[in-house]
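Structural overview
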Amino acid sequence: MMLTPAHHFRDIERKPEYLQPEKCVPPPYPGPAGTMWFIRDGCGIACAIVTWFLVLYAEFVVLFVMLIPSRDYVYSIINGIVFNLLAFLALASHCRAMLTDPVRAAEVPTLLTVTAASPALTSPLSQGAVPKGNATKEFIESLQLKPGQVVYKCPKCCSIKPDRAHHCSVCKRCIRKMDHHCPWVNNCVGENNQKYFVLFTMYIALISLHALIMVGFHFLHCFEEDWTKCSSFSPPTTVILLILLCFEALLFLIFTSVMFGTQVHSICTDETGIEQLKKEERRWAKKTKWMNMKAVFGHPFSLGWASPFATPDQGKADPYQYVV
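Per an unreviewed UniProt entry, the protein carries the name Palmitoyltransferase and comes from Fukomys damarensis. Its UniProt record gives the protein a comment under Sequence similarities (unreviewed entry), which states: "Belongs to the DHHC palmitoyltransferase family." The Subcellular location (unreviewed entry) field of the UniProt record for the protein holds the comment "Membrane".

Written out as structure tokens, the structure is:
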């Protein structure tokens, strides 16, 4: 039986010696269970710091330039509560996306079985990638592979590779259902943290839109009133701060709205950004858009979908079908 071209990109062998397990030594990173997930990448850390700085800058301008000096206390209180709540949820989502392992812990790797009676490869759904550097001789032998069963090995991180996994050169490991590596959250967007990344883009887009609307109303108010009375800062300083906030909000509104749309589309089609870019052949069962949304945000639908503090309940997963 001939395998599809997509399989030729992977190291598929049954015998441990062909996988060169003697070259695989389990590294100490990422550490024991319970260790906080954090990528030690200088560029990603800098981008994450910049993200927080820009949100805090928006907080400063909204509060101390527009809302606190305002004599309309109802307007200030309502907009202050809404903006701070959205900003808090955005930063909380950013932290969850950055500090959450993008793959779910799994102890058993995916085993693909080739049967002569069926033109398909069937596999139980693996909950994420297996530990980094686990393609050792002892571990492969412990799997007790039966005739027709094969495993995938990543030659870069020396791991037994689960289905739909791609190697990230920044995280230095294979990420199952990897969409892309985002420097702004200093992490890969994978099956386990995609919800938090989607919420992060959504809340950033909302606070950007909210800030733009408030800047517009504030400019109108200052044009109608005396500029010295519409802010506790001098008129030139006020104008500069507002223009910078307007530019920042417009830029991030466009960027995060596009990212939010592409992420939702990717979830609904159950096809990651890398799979779309590489035009990989679809070898997994097609599900409804609603089922795909629940697979990311949790079963069943609830207000927890919008909360970065609610860990998605994945529910009972169905096995994938891999066609050759």
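On to the nonpolar core. Within soluble globular proteins, side chains that are nonpolar tend to cluster in buried spots. Counting 42 residues, the largest nonpolar core has Val-61, Val-62, Met-66, Phe-83, Ile-204, Leu-242 and Leu-245 as its most contacted members. For this core, the secondary-structure elements that each account for two or more residues are helix H1 (42-67), helix H2 (73-99), helix H4 (194-224) and helix H5 (235-269). The dominant element in this core, judged by the number of residues it contributes, is H4, at 14 residues. Sequence-distant contacts of Met-66, that is, excluding residues within four places in its chain, are made with Val-61, Met-214, Val-215, His-218, Leu-242 and Leu-245. Within the second largest apolar cluster, nine residues are counted, among which are Ile-39, Val-103, Cys-171 and Ile-274.

One water molecule sets the probe size; rolling that probe over the atoms shows where empty space is left. As enumerated under the stated definition, the model contains three cavities of 30 Å³ or more in all. In this model, the largest cavity occupies a volume close to 230 Å³. Broken down by secondary-structure element, the contributors of at least two residues to the lining of the largest cavity are H1, H4 and H5. Considering only residue class, the lining of the largest cavity consists of 16 nonpolar, four polar and one charged.

Thresholds, definitions, all that
- Residue positions are counted from 1 within each chain, in the order its sequence is given.
- Whole-chain, interface and lining totals are the exception, using all residues; otherwise, since this is a predicted model, local features are given only for residues with pLDDT of at least 70 and side-chain atom pairs are given and counted only at 80 or more.
- Heavy atoms from the whole structure form the basis of all side-chain values; hydrogens and water molecules are not counted.
- UniProt positions are given in the numbering used here, feature names are shortened, and annotations may be inferred rather than shown by experiment.
- In this description, a nonpolar core means a group of buried Ala, Val, Leu, Ile, Met, Phe, Trp, Tyr and Cys residues linked to one another through side-chain atoms lying within 4.5 Å.
- Note on classification: 1.4 Å probe, protein chains only; a residue is buried when its accessible area is under 20% of the maximum for its type, exposed when over 50%, partly exposed between these limits.
- Each helix is a run of H or I in the DSSP string that is no shorter than four residues. Each strand is a run of E no shorter than two, and both are numbered from the N terminus.
- Any pair of residues with heavy atoms lying within 4.5 Å of one another is described as a contacting pair.
- The definitions used throughout rest on a 1 Å grid laid over the protein atoms alone, on which a cavity is an enclosed set of points accommodating a 1.4 Å probe that cannot get out and a pocket is an open set flanked by protein within 12 Å on both sides along at least five of seven lines; lining residues are those having an atom within 4 Å of a point.
- Grid points are joined across faces, edges and corners, and a volume is the space filled by probe spheres set on the points.
- In this count, Pro and Cys sit with the nonpolar residues alongside Ala, Val, Leu, Ile, Met, Phe, Trp and Tyr, while Asp, Glu, Lys and Arg are called charged and the others, Gly among them, polar.

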